[in-house]
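Examination of the molecular architecture
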Amino acid sequence: FLMKIAYFILIIGLFSCDSNHRMERDKIYWTKDTQLTWNDFKEKPDTNTNYFAGTEWRIKVEHHVIQDSVLFIISAYFDKNLSWVKERRQADNVLSHEKGHFDLAEIYARKLRGTFAHYKFHNKTVDRDINTWFLNILNECIYQQRLYDFETQHSCNPILQQHWESIIYQNLIDLDAYRDRKSVV
């Protein structure tokens, strides 16, 4: 009987590991060399919108308290399973626009890393501090994402799209000191 329970727990553990591995495989973590392709957009298209594509980006924050310091791991990633594109709308300018959303997420991940780089560790408030800063940065990022879509008309205004691409590129350069996902403070 105990062998059956152990076997059952082992099987559940294997499925759990496989499921987690699959979920990680469906994420693209931002790097300077990351290039999205239309094959990365796996979700069914949203038929209730006029938009050509949708990018699902995330900023993930992990932290581990180690004695009197904190290890931060802050990542921007693209979720393949929640990103979509409509058929016959797979144009280069639309893909470039969607990559801009991903790059904006990385900019705000870097801003968050910069905030944490100056963090004065307080064991009693570390969770609250992280949540507060994360929500502030996330709200700024969401605002910029919406402004990006509004001003570029979701990639349909090539002049403003190029302008935004320049701004995004410059922000990535300006925040290059915070490109590493891991830091200890």
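Conventions and cut-offs
- Residues numbered from 1 in each chain as written.
- Predicted model: local features only at pLDDT ≥ 70, side-chain atom pairs only at ≥ 80, totals over all residues.
- Heavy atoms only, no water.
- Axes fitted to C-alpha atoms, helices over the stretch in contact; angles between N-to-C directions.
- Helix = DSSP H or I, 4+ residues; strand = E, 2+ residues; numbered from the N terminus.
- Parallel < 35°, antiparallel > 145°, perpendicular 65-115°, else oblique.
- Left-handed = near helix turned anticlockwise from the far one by under 90°.
- Contact = heavy atoms within 4.5 Å.
- Buried < 20%, exposed > 50% of the residue type's maximum accessible area, 1.4 Å probe, protein only.
- Pairing = 2+ DSSP bridges.
- Expected span 1.5 Å × (residues − 1).
- pLDDT = per-residue confidence, 0-100.

Looking now at the packing of helix H3 (residues 126-152) against helix H4 (residues 158-174). The contact between H3 and H4 brings their axes to 8 Å, and the two run at 150°. With respect to H4, the element H3 is oriented roughly antiparallel. At the point where H3 passes H4, the crossing takes the right-handed sense. Counting all contacts with H3, which are made through Gln144, Leu147, Tyr148, Glu151 and Thr152, the residues of H4 involved are Leu160, Gln161, Trp164 and Ile168.

Where burial is concerned, most of strand E4 (residues 69-79) is hidden: 11 out of the 11 residues are buried. The alternating pattern of E4 places Ser69, Leu71, Ile73, Ser75, Tyr77 and Asp79 and Val70, Phe72, Ile74, Ala76 and Phe78 on opposite faces, both of which are buried. Bridging between strand E1 (residues 27-29) and E4 involves 3 bridges; their strand directions are antiparallel. Note that in E4 the partner of tyrosine 29 across the bridge is tyrosine 77. The antiparallel hairpin formed by strand E3 (residues 57-66) and E4 contains 2 residues in its connecting segment, where glutamine 67 sits at a positive phi of about 55°. Across 3 bridges, the pairing between E4 and strand E6 (residues 182-184) is antiparallel. From the neighbouring strand, leucine 71 faces E6, where its bridge partner is valine 184.

So, about the environment of lysine 32. In this fold, lysine 32 is placed in the loop between E1 and strand E2 (53-54). A relative accessible area of 67% places lysine 32 in the exposed class. Considering only alpha carbons, one finds lysine 32 and aspartate 103, 71 residues apart in sequence, at a separation of 9.3 Å.

Here the focus is helix H2 (residues 92-117). A turn of α-helix holds 3.6 residues, and therefore any two residues three or four places apart point the same way. Spanning 26 residues, H2 covers 37 Å between terminal C-alpha atoms, matching the ideal 38 Å at 1.5 Å per step. For H2, the buried fraction is high: 20 of the 26 residues fall into the buried class.

On to the confidence of the model for the chain. Chain-level statistics for the chain give a pLDDT mean of 86 and a share of 88% at 70 or above. Across the chain, the secondary-structure element scoring lowest on mean pLDDT is helix H1 (residues 2-25), at 49, and the one scoring highest is H4, at 97. Overall, residues 1-11 carries pLDDT values under 50, and its contacts beyond four positions in sequence, including any with other chains, amount to 0 contacts. Low pLDDT (under 50) marks residues 13-22, which in the prediction has 0 contacts with non-local residues, meaning those over four places away or in another chain.

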